[in-house]
Amino acid sequence: MFEEYQRWQRELERQPVEFLALERRLPALLDVARERLAGHLRVPSDDLALATNATSAVNAVARSLALEAGDEVLTTPDEYPGMKLLWEYVSRRTGASVVEREWGDLEPGLRTKAVFVSHVEWSTGRVNEVASLCTRARAAGALSIIDGAHAPGQLELDLVALGADVYAGNCHKWLCAPKGSGFLYARPEAQRLIDPLVISWDWGDASPFHQRHRWQGTRDPSALLAIPAALDFQDVHDWPRVRERCRGLLENACDKLSQAGLEPLADPGRYVQMLGFRVPTDEPLELKRRLYDEHRIEVPVFETRHGAILRVSVQGYNDEGDLDALSAALARTLRR
């Protein structure tokens, strides 16, 4: 994958004007990547725009909404902190209220203009039942915005069937593409509500959705152009089987991690390759530091409303020995 990424970078630098000019190569190259990704996500390619990452895609959506005082954005308390800051910014700028409710209480009301939730929670790894929520949001006249940062590559996605008005995702996490590759999907009815983060050459009232979001100024598009290679890699290596193996490793590790005092925060069948555990410590950053400094184990540990959480992610390159090492290191570290 890295070789393909660098191949595109070298090609760009050999002749940047020819490569990047909108009347020459770049639009057709991006179309190849976008159309291949659209097939993977099971969406019409014209409804998909390429983006740097899910954060920039959600920013484009949230900062475009015509909200005002009295309007409501409905979300949960467990969303990604960076996105919570985004909605705080939108609330301050527009006067709209951001209302946080637990999943069981997420019922759009008359004031609800948008519903924003994660498909896979960043902290717990829980896969949320977003399809039914999207249906309820549409019935209430609210825009459904799904943060799919951790979903592509972990889940088999059919975004049309899912029913979201807007879905933002990353390709650099579980889909194995380089950093700087993501996407923004929008149903045709929602596309005119969303302005690009950057207004430049591709913008215009007559331009299609994917084109309006295409040109963000001069930048390196190599990560986006490497998306097809990432999809090829997963096809060749039978990624559904790899994903199932990873989930099995994580399920088997639950018992060992429980013996070290950790509590899983998603039920069996509600996670895939990523799972958060409540960990008995009052110093999550210190635990993270010691796991790395003393055992060379890189694992996120952070404070949430549920207490300290240690998030375990299992990818195709991990094996049982990695999880055994984590369990042993935690047992030793937490005893001190």
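Since the model is a prediction, treat every value here as computed from it, not as a measurement.

Attention now moves to the pattern of salt bridges. A side chain with one charge can pair with a side chain of the opposite charge if their charged atoms come near. As enumerated under the stated definition, the model contains 25 salt bridges in all. A salt bridge links D232 to R36; the nearest nitrogen and oxygen atoms lie 2.8 Å apart. Within this pair, whereas D232 is found in helix 11 (residues 227-236), its partner R36 is found in helix 3 (residues 26-41), the two being separated by 196 residues in sequence. Looking at D232, the relative accessible area reads 39%, which means it is partly exposed. Residue classification places R36 among the partly exposed positions, given a relative accessible area of 28%. One connected set of salt bridges, linked through shared partners, spans E4, R7, E11 and R25.

With that settled, consider the packing of helix 3 against helix 11. Look at helix 3 against helix 11: their axes get within 8 Å of each other, and the N-to-C directions meet at 40°. For the element pair helix 3 / helix 11, the angle class is oblique. From helix 3, A33, R36, L37 and H40 reach across to helix 11, where they touch I227, P228, L231, D232 and D235. Its residues assigned to classes, the contact of helix 3 with helix 11 shows five nonpolar, one polar and three charged.

All right, on to the packing of aromatic side chains then. Here the structure, examined in full by the defined rule, presents seven aromatic pairs. Relative to F183, the ring of Y167 has its centre 6.2 Å away and its plane inclined at 5°; by these criteria the two rings are stacked. In this pair, Y167 is assigned in strand 6 (residues 166-170) and F183 in strand 7 (residues 182-186), connecting sequence segments 16 residues apart. Each member of the pair, Y167 as well as F183, is classed as buried. Put simply, the rings of Y80, W122 and F302 touch in pairs and so form one group of aromatic residues. Here the basic side chain of R7 rests over the ring of W8, its NZ or CZ set 4.5 Å away from the ring centre. Across the ring face of Y292, the terminal group of R296 is positioned such that the distance to the ring centre comes to 4.6 Å.

Turning our eyes to something else, we now look at the pairing of strand 11 (residues 307-313). For strand 11, a buried count of six out of seven residues is recorded, marking the element as mostly surrounded by other parts of the structure. The pairing of strand 9 (residues 274-278) with strand 11 spans five bridges and is classified as antiparallel. Looking across to strand 11, one finds that F277 is bridged to L310. Where strand 10 (residues 301-304) meets strand 11, four bridges bridge the pair, whose relative direction is antiparallel. Bridge pairing links T304 to G307 in strand 11. Taken together, strand 10 and the strand that follows it, strand 11, pair antiparallel across an intervening segment of two residues.

Right, let's talk about the sheet that holds strand 6 for a bit. In spatial order, the strands read 1-7-6-5-4-2-3; together these seven strands make up an open sheet with mixed pairing. Looking at the sheet topology across the chains shown, the edges are occupied by strand 1 (48-51) and strand 3 (97-100). Taken over all neighbouring pairs, the strand axes of this sheet differ in orientation by 20° on average, direction set aside. Pairing of strand 6 with strand 7 involves five bridges; the strand directions are antiparallel. The partner of N170 across the bridge, within strand 7, is G182. Packed on one face of the sheet, helix 3 meets strand 1 and strand 7 and runs near 115° to strand 1. Contacts between helix 6 (residues 130-139) and the sheet are confined to strand 4 (112-118) and strand 5 (143-148), with strand 4 contributing the most and set at about 175° to the helix.

Positive phi values are uncommon outside glycine, yet R42 reaches one of about 60°. Tracing the backbone through its elements, the reader meets R42 in the loop between helix 3 and strand 1. The backbone of R296 sits at a positive phi, close to 55°, despite the residue not being glycine. Mapped onto the elements of the fold, R296 is located in the loop between helix 13 (284-295) and strand 10. A residue is classified by how much of its surface remains accessible, and R296, at 57% relative accessible area, is exposed.

Of the voids in this model, the largest pocket is the one considered here, and its volume is about 520 Å³. E298, S313, V314, Y317 and N318 are the residues nearest the centre of the largest pocket, which is lined by 19 residues in total. Among the elements of the structure, strand 11 and helix 14 (320-335) are those that each provide at least two residues to the lining of the largest pocket. The greatest single-element share of the lining of the largest pocket, amounting to four residues, is contributed by helix 14. For the lining of the largest pocket, a count of residues per class yields eleven nonpolar, four polar and four charged.

Basis of the calculations
Residues numbered from 1 in each chain as written. Predicted model: local features only at pLDDT ≥ 70, side-chain atom pairs only at ≥ 80, totals over all residues. Heavy atoms only, no water. Salt bridge = Lys/Arg side-chain N within 4 Å of Asp/Glu carboxyl O. Helix = DSSP H or I, 4+ residues; strand = E, 2+ residues; numbered from the N terminus. Buried < 20%, exposed > 50% of the residue type's maximum accessible area, 1.4 Å probe, protein only. Axes fitted to C-alpha atoms, helices over the stretch in contact; angles between N-to-C directions. Parallel < 35°, antiparallel > 145°, perpendicular 65-115°, else oblique. Contact = heavy atoms within 4.5 Å. Nonpolar A, V, L, I, M, F, W, Y, C, P; charged D, E, K, R; others polar. Phe/Tyr/Trp six-rings, centres within 6.5 Å; stacked < 30°, edge-to-face > 60°. Lys NZ or Arg CZ within 6 Å of the ring centre and 35° of its normal. Pairing = 2+ DSSP bridges. 1 Å grid on protein atoms, 1.4 Å probe; cavity = no way out; pocket = protein on both sides within 12 Å on 5 of 7 lines; lining within 4 Å. Points joined across faces, edges and corners; volume = space filled by probe spheres on them.

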